[in-house]
Structure formats: C-alpha cells, structure tokens
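Examining the three-dimensional arrangement
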Amino acid sequence: VQLQAFGGGLVQPGGFLRLSCAASGSIFVITAMTWYRQAPGKQRELVATITRGGSTKYTDSVKGRFTISRDDAKNTVYLQMDSLKPEDTAVYYCNADLYSSTGWNNYWGQGTLVTVSS
C-alpha cells in the first residue's frame, strides 16, 4: 500500500491550491483520511480529517478556507485550499487508516510542499 500526495507549489497570498492524495495497493476499505502539515521549526499538526461517512473536522486556523473531500472509488482524498496565507506554508502530508491484504494499518504519504509567498 502506498499513499502519494500531489499538488503542492508556490502561490501568492490570497491564492488557492488543491492537494490530492491517492492510495494504491490491495485496499479493501479506507476509514479516516487526514491531512497534516509541518511548518519549518514547528510540530506536525492536523489540518483536516474526513470519515468514510463524510464527516469532517478542521483545525481552527483553516476553517472557512480549506475543504477536505474524498472519492472512495478512486481511494483519493483532496484538500482545497483557498485564501492562502503565508502561515499556511508547510509540508502537507496525507494519512489514512485502511484495511488491506495485510490487515488494518495506518499509512502516511510522502508530503508535498506548499509555499505561500509574494
């Protein structure tokens, strides 16, 4: 099983980006899918999470600006990031709890860098 994240890059303040994270392998079911981020010199923090049923939670600093969604047919989770701020600059990681041919496990993607700067 692998998680691969895409979509990071350089964007100006006020701009937008859409991150994607696709899970591949012998996957039977994915429950929670989550985006984390780690800014330079800071601890990794949870940004947004979505359950299999579609319930979502966000850290306070991104509420109203970020939207997490998922496509279970594609084993993919998305993070739409609007009104980006310099403080959103970080490496973004996806995470998933899933059941595969090796049982229940938690997996991390490789991270994608988001830089918000003028």
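Criteria and thresholds
Residues numbered from 1 in each chain as written. Predicted model: local features only at pLDDT ≥ 70, side-chain atom pairs only at ≥ 80, totals over all residues. Heavy atoms only, no water. Phe/Tyr/Trp six-rings, centres within 6.5 Å; stacked < 30°, edge-to-face > 60°. Helix = DSSP H or I, 4+ residues; strand = E, 2+ residues; numbered from the N terminus. Buried < 20%, exposed > 50% of the residue type's maximum accessible area, 1.4 Å probe, protein only. Polar contact = N/O pair within 3.5 Å; in protein donor to acceptor, adjacent residues only side chain to side chain. Contact = heavy atoms within 4.5 Å. Pairing = 2+ DSSP bridges. Axes fitted to C-alpha atoms, helices over the stretch in contact; angles between N-to-C directions.

Within this structure, the stated rule accounts for four aromatic pairs. Aromatic side chains Phe-28 and Tyr-99 sit 5.8 Å apart centroid to centroid with 40° between the ring planes, which places their arrangement in the tilted category. Placement of the pair is Phe-28 in strand S4 (residues 27-38) and Tyr-99 in strand S9 (residues 90-100), with a sequence separation of 71 residues. By relative accessible area, which is 58% here, Phe-28 ends up exposed. With relative accessibility at 34%, the residue Tyr-99 sits in the partly exposed group. Ring centres of Tyr-93 and Trp-108 lie 6.5 Å apart, and the angle between their planes is 85°; on these two criteria the pair is classed as edge-to-face. With Tyr-93 in strand S9 and Trp-108 in strand S10 (residues 103-108), the pair connects residues that are 15 residues apart, well separated along the chain.

A few words now on the side chain of Thr-49. If you trace the backbone, Thr-49 turns up in strand S5 (residues 45-50). The exposure class assigned to Thr-49 is buried, which follows from its relative accessible area of 16%. A polar side-chain atom of Thr-49 sits 2.7 Å from a polar atom in the side chain of Thr-34. With residues near it in sequence (within four places) discarded, Thr-49 still touches Ala-32, Met-33, Thr-34, Ser-55, Thr-56, Lys-57 and Ile-68.

The strand order across the open sheet built from four strands is S1-S3-S8-S7, with neighbouring strands paired in antiparallel fashion. The open sheet terminates on both sides in strands that have one partner only, identified here as strand S1 (2-6) and strand S7 (66-71). For this sheet the average axis-to-axis angle between neighbouring strands, irrespective of direction, equals 15°. Judged from the six bridges that link them, strand S3 (residues 17-24) and strand S8 (residues 76-81) form a sheet pairing that is antiparallel. Looking at S8, one finds that Cys-21 is bridged to Val-77.

To continue, consider unusual backbone geometry. Although it is not a glycine, Asn-75 adopts a positive phi angle of roughly 50°. Within the secondary structure layout, Asn-75 lies in the loop between S7 and S8. Of note in the backbone geometry, Ser-83 takes a positive phi value of approximately 50° without being a glycine. Position of Ser-83 among the secondary structure elements: in the loop between S8 and S9.

Here S7 shows a clear split, with Phe-66, Ile-68 and Arg-70 buried on one side and none of Thr-67, Ser-69 and Asp-71 buried on the other. Alignment of S7 against S8, held across six bridges, turns out to be antiparallel. Residue pairing for S8: Ile-68 is matched across the bridge by Leu-79. The loop that links S7 with its antiparallel partner S8 comprises four residues; one of these, Asn-75, has a positive phi angle of about 50°.

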